[in-house]
Amino acid sequence: MQRKIKSFVSVAIITFSILSCSGGEMDRKITSYNTIKDVPATAWEKLSTKKIYFGHQSVGYDIIDGIQDLKKEFPSIELNIVETTKIEDLSAGALLHSKVGQNKDPKSKIDDFSRIINSGFGGTLDAATLKFCFVDIVSSTDSLKVFEDYKVEVEKLKQKYPKLTLIHFTAPLTLRQTGWKVSIKKLIGRPIGGYAENVKRAEYNELLKKEFQGKDPLFDIAEIESTYPDGTRCSFDADGKTYYSLVPEYTHDGGHLNENGRKKVAEQLLLLLVNLK
């Protein structure tokens, strides 16, 4: 019996040693942070060494302002934010950002983003992301074409810069019309404000998620913008389907983000960045 016990103990010790040396389950576990308050100073310090580029327009500036707001609240967030498209401005670590292309012309933004990455950034950056604006996808937009244009350029960049992490942004949302006028418009067949536009954005977002979710980092700004603080969604029905729209408390003009909205989106973006591997 003692021999059996000794043998069992020996096997257990050897097994534990093998797991410890070979990176067993405990060693392989990667910590993910779900709220900004959970992120330790060491994780922010690691993020501060990353080189990241963010191409955007006006809502992007709202998000940058939100990050600045959070930096004031949480001094441990070490993130050097620089607005530039010049490679010489890339320091040891920074969140670089700039305008790209022209509003209402998503192809111009895709092309400009690609141009910037190909100007010397691609081989130096750790991550990069392009965000469309709500005016880029409206009721008349061919969502499939926008997605295909984006996908083609993304694949080119992936082939050229295999070490570059590309983060995909869903299209942001806008308010939808509410109140008694909605019922009247439904009766007389008039378009309801914010319905057709957000439906088109949903089409684009579904294509994006189907293609990249689970493969690359994906930032679902549409989900964040349409989610109330209690977790419920701001939604509407059209043609038998449920779609989502911007929470009224997150905007001052129906599309751009106010202080509440920008901080909510910025917090989730920071969590995505700090959780990048």
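Scope of this entry: the structure provided in the associated data block. (Residues numbered from 1 in each chain as written. Predicted model: local features only at pLDDT ≥ 70, side-chain atom pairs only at ≥ 80, totals over all residues. Heavy atoms only, no water.)

This part takes up the packing of aromatic side chains. Aromatic ring pairs: the centre-centre distance and the angle between the two ring planes describe each pair. In this structure the tally under the stated criterion is 10 aromatic pairs. Where Phe147 meets Tyr204, the ring centres are 6.5 Å apart and the plane angle is 70°; that geometry is what we call edge-to-face. Taken together, the residues span a long stretch of sequence, with Phe147 in helix α6 (residues 143-160) and Tyr204 in helix α8 (residues 195-212) at a distance of 57 residues. With respect to class, Phe147 is no different from Tyr204; both count as buried. Where Tyr150 meets Phe212, the ring centres are 6.2 Å apart and the plane angle is 90°; that geometry is what we call edge-to-face. Of this pair, Tyr150 sits in helix α6 while Phe212 sits in helix α8, and the two are 62 residues apart along the sequence. (Phe/Tyr/Trp six-rings, centres within 6.5 Å; stacked < 30°, edge-to-face > 60°. Helix = DSSP H or I, 4+ residues; strand = E, 2+ residues; numbered from the N terminus. Buried < 20%, exposed > 50% of the residue type's maximum accessible area, 1.4 Å probe, protein only.)

Time to look at the environment of Ser91. Along the chain, Ser91 turns up in the loop between β2 (81-83) and β3 (94-99). Through-space distance from the C-alpha of Ser91 to that of Lys51 is 7.9 Å; in sequence the pair is 40 residues apart. In this structure, Ser91 is in contact with Lys51 and Asn80, ignoring residues within four places of it in sequence. (Contact = heavy atoms within 4.5 Å.)

Among the nonpolar cores identified, the biggest contains 41 residues, and Ile63 and Phe219 are the most heavily contacted of them. Going through the elements one at a time, α3 (41-47), β1 (51-56), α4 (58-73), β5 (165-169), α9 (221-225) and α10 (259-274) are the ones with two or more residues in this core. Broken down by element, the residue count for this core peaks at eight residues, all from α10. Dropping the residues within four chain positions of it, Phe219 is found in contact with Ile167, His168, Phe169, Thr170, Ile224, Val265, Gln268, Leu269 and Leu272. Of all hydrophobic cores here, the second largest spans 28 residues; its members include Ile116, Leu166, Tyr204 and Leu218. (Core = buried A, V, L, I, M, F, W, Y, C linked by side-chain atoms within 4.5 Å.)

Counting buried positions along β5 gives four out of five residues, so the element sits mostly inside the fold. Crossover handedness for the path strand β4 (residues 127-130) to α6 to β5: right-handed. The sheet contact formed by β5 and strand β6 (residues 218-219) spans two bridges and is parallel. Looking at the pairing, His168 lines up with Leu218 of β6. (Right-handed = clockwise from strand over helix to strand, strands pointing away. Pairing = 2+ DSSP bridges.)

Further remarks concern the side chain of His56. Assignment of secondary structure puts His56 in strand β1. In this structure the side chain of His56 is engaged in a polar contact, spanning 2.9 Å, whose partner is the side chain of His97. Once you skip the residues sitting within four places of it in the chain, His56 turns out to touch Tyr61, His97, Ser98, Lys99, Val100 and Lys131. (Polar contact = N/O pair within 3.5 Å; in protein donor to acceptor, adjacent residues only side chain to side chain.)

What follows deals with the packing of helix α5 (residues 106-121) against α6. Where α5 contacts α6, the two axes come as close as 9 Å, and the packing angle between them is 5°. Between α5 and α6, the crossing angle belongs to the class labelled roughly parallel. On α6, the residues touching Pro106, Lys107, Ile110, Phe113, Ser114, Ile117 and Asn118 of α5 are Val146, Asp149, Tyr150, Glu153, Leu157 and Lys160. Residue composition of the contact of α5 with α6, by class: seven nonpolar, two polar and four charged. (Axes fitted to C-alpha atoms, helices over the stretch in contact; angles between N-to-C directions. Parallel < 35°, antiparallel > 145°, perpendicular 65-115°, else oblique. Nonpolar A, V, L, I, M, F, W, Y, C, P; charged D, E, K, R; others polar.)

Of note, Thr227 is situated in the loop between α9 and β7 (235-238). Counting along the chain gives 23 residues from Thr227 to Tyr250, while the straight-line C-alpha distance between them is 9.8 Å. A distance of 3.5 Å separates polar atoms of two side chains, one belonging to Thr227 and the other to Arg233.

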